[in-house]
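Coordinate inspection notes
As a plain string of letters, each chain reads:
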Amino acid sequence: MRIDAPKEILSLPNLKLAVIGHVEWVTFLKVDQLPLAGQISHAKDCFEEAAGGAAVAAVQMARLINNPVDLITSLGKDNYGEKCYERLTKLGLNLKVAWREKPTRKGISLISKDGERAITVIGERLQPIGSDNLPWSDLKNYDGVFVTATDKEGIRFARKARFLSATPRTGQQTLKNSKVKLNALIGSGLDPGEKINYEELEPKPDIYISTKGESGGTIFPENIKYKPITPSSEEIDTYGCGDSFAGAVTTALSAKLNLEQAINIGAYCGAECSTHYGPY
């Protein structure tokens, strides 16, 4: 039975939103099994897509408000950078790019028939930074901004927005050095690269949402547990679920919905992302 979307999605206003962060050109492979030492796995299907945390969150946000979202990012001056730019523009984003004389990062996402996933990234994560010639001063006009990658100066510029959220992948030290108080920190409590101790955060965000996939998650500082939402059909690929959740929660809180409403919208978007192959 299909799970209906939270009714609040239908009433989201036309917000001015942006995402600051990284993009990758990813090859998605369906394999008979994840590679084991000394064994060969066989791909059943393959396609390429512009992805990465910032791209996934921004596309989800654009779809929720049915309007373009700005993506402030960095790409290499290469064929992959050009393909990312063209593809993400078609997906409804306005790209503001700091172009680098470096290769655009690539990635490989493997998904097995039993739903297990493994990701390998290739190359340096390119990120926009505060010294780049980007429209940082315009961020004061934004209802909400979500950050996946930048430096401390970039976070300080982002703080001009009315609502600011970030993922722990931005870097705990970067967040600390910025001395910026976030409205929300949203990240996976299962991914070692995103696990974070709320008590060690300084300054502490208003809320920290630690997601745990099919188990729901926890909201700090109140230590409130929330339940997951069952997807409308079979789970196929979990790539992008966390970033879809984070982008949706950011959108809802930027629209001044309450936290429960925001979590419901985020959980719905994250669950629905798992019902198809690839990030969107």
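Residues numbered from 1 in each chain as written. Predicted model: local features only at pLDDT ≥ 70, side-chain atom pairs only at ≥ 80, totals over all residues. Heavy atoms only, no water.

With an unreviewed UniProt entry as reference, the chain is termed Possible pfkB family carbohydrate kinase, source organism Prochlorococcus marinus.

**Concerning the nonpolar core**
Counting residues in each nonpolar core, the largest one holds 55 residues, and the members touching the most others are Val 69, Leu 88, Leu 93 and Ile 209. With ten residues, the single largest contributor to this core is helix α1 (residues 53–65). Apart from the residues within four sequence positions on either side, Leu 93 is in contact with Ala 55, Ala 58, Val 59, Ala 62, Val 69, Leu 71 and Leu 88. If you look at the next biggest cluster of nonpolar residues, it comprises 23 residues, including Ala 18, Leu 182, Leu 185 and Ile 196. (Core = buried A, V, L, I, M, F, W, Y, C linked by side-chain atoms within 4.5 Å. Buried < 20%, exposed > 50% of the residue type's maximum accessible area, 1.4 Å probe, protein only. Helix = DSSP H or I, 4+ residues; strand = E, 2+ residues; numbered from the N terminus. Contact = heavy atoms within 4.5 Å.)

**Focus: the layout of surface pockets**
A probe matching the size of a water molecule, rolled over the atoms, marks out where space remains unfilled. Put simply, the second largest pocket is a space of about 230 Å³. Around the second largest pocket, the lining is made up of 15 residues, and of these Gln 60, Arg 63, Cys 269, Glu 272 and Cys 273 lie nearest the centre. Elements supplying a minimum of two residues to the lining of the second largest pocket: α1 and α6 (259–273). Here the element with the most residues in the lining of the second largest pocket is α1; it accounts for five residues. (1 Å grid on protein atoms, 1.4 Å probe; cavity = no way out; pocket = protein on both sides within 12 Å on 5 of 7 lines; lining within 4 Å. Points joined across faces, edges and corners; volume = space filled by probe spheres on them.)

**A closer look at the sheet that holds strand β3 (residues 43–51)**
The mixed open sheet is built from four strands, whose spatial order is β3-β2-β6-β7. What marks the edges here is a single partner per strand, and that holds for β3 and β7 (117–122). Here the average twist between neighbouring strands, direction ignored, is 15 degrees. Summarising the sheet, strand β2 (residues 24–31) and β3 pair through eight bridges and their orientation is antiparallel. Each bridged residue has a counterpart across the sheet, and for Lys 30 the counterpart in β3 is Asp 45. (Pairing = 2+ DSSP bridges. Axes fitted to C-alpha atoms, helices over the stretch in contact; angles between N-to-C directions.)

**Brief notes about the environment of Ala 58**
Here Ala 58 shows up in helix α1. Assessed through its relative accessible area of 0%, Ala 58 is described here as buried. Taking the C-alpha atoms as reference points, Ala 58 and Pro 231, separated by 173 residues in sequence, lie 21 Å from one another.

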